[in-house]
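Listed below, chain by chain, are the residues.
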Amino acid sequence: MNISFFLKPKAEVSYLSGDCSVRQAIDDMMQSGFTAIPVVDPKGRYTGTITEGDFLRLVLSHTAEQLDHMTVGEVPRRIRHSSVGIDARMENMIDLVSAQNFVPVTDGRGMFCGIITRRDVIQFLRDSCKKE
């Protein structure tokens, strides 16, 4: 099965630009209620995922004044979240979705297309088991 079946398109999910201020990013994360958000560069290419843990480590090691001048792209990230290509098959992303709350999806140019959530994959598998 192709993973595009599970795709939540970019227009429907939260994501941050790497040049977004840390303060704005933290506000966005708090407002969204998510614990991790994909990050894209100015051209829309996926560059990684930032987590609340990344922000917490940053806040604990920098002054408020330093944070006012930092962007999301400058925040060190503890974990490198992998993405999958839009043409990937379900078998190629099972390990990723089991280790991450969501898996970012990119096209052939590395452009961020959206995400696949762990919840959607689990619900699909549950429904598949019920049919048997």
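Cut-offs used in this document
Residues numbered from 1 in each chain as written. Predicted model: local features only at pLDDT ≥ 70, side-chain atom pairs only at ≥ 80, totals over all residues. Heavy atoms only, no water. Helix = DSSP H or I, 4+ residues; strand = E, 2+ residues; numbered from the N terminus. Buried < 20%, exposed > 50% of the residue type's maximum accessible area, 1.4 Å probe, protein only. Salt bridge = Lys/Arg side-chain N within 4 Å of Asp/Glu carboxyl O. Pairing = 2+ DSSP bridges. Contact = heavy atoms within 4.5 Å. Axes fitted to C-alpha atoms, helices over the stretch in contact; angles between N-to-C directions.

> Can you walk me through the environment of Ser 128 in this structure?
Position of Ser 128 among the secondary structure elements: in helix H5 (residues 118-131). Taking the relative accessible area as the measure of exposure, Ser 128 reaches 25% and is therefore partly exposed. C-alpha separation for the pair Ser 128 and Ser 32, spaced 96 residues apart in sequence, amounts to 31 Å.

> Whenever I open this one, the pattern of salt bridges confuses me. Can you help?
If the charged atoms of two oppositely charged side chains come close together, the side chains can form a pair. One pass over the full model with this rule turns up six salt bridges. The salt bridge involving Asp 41 is made with Arg 45; its shortest N-O contact spans 2.9 Å. Note that Asp 127 and Arg 126 form a salt bridge whose closest N and O atoms lie 3.1 Å from each other. On the accessibility criterion, Asp 127 (34% relative accessible area) is partly exposed. With relative accessibility at 43%, the residue Arg 126 sits in the partly exposed group.

> Please clarify how the sheet that holds strand E3 (residues 36-40) should be interpreted in this entry.
Sheets are built from strands that pair by backbone hydrogen bonding, the pairs being arranged parallel or antiparallel. Strand order across the open sheet formed by three strands is E2-E3-E4, with mixed pairing between neighbours. Lying at the two open borders of the sheet, with one neighbouring strand each, are strand E2 (16-17) and strand E4 (46-51). Note: E2 against E3, two bridges, orientation parallel. Within E3, the position partnered with Ser 17 by the bridge is Val 40. The strands touched by helix H1 (residues 22-32) are E2, E3 and E4; relative to E3, the strand with the most contacts, the crossing angle is about 135 degrees.

> Looking at this structure, I do not really get the sheet that holds strand E6 (residues 102-106). What am I missing?
Across the sheet, four strands lie side by side as E1-E7-E6-E5; this open sheet has mixed pairing. Unpaired on one side and paired on the other, strand E1 (8-9) and strand E5 (84-85) mark the two borders of the sheet. The pairing of E5 with E6 spans two bridges and is parallel. Its bridge partner lying in E6, Val 84 is registered against Val 105.

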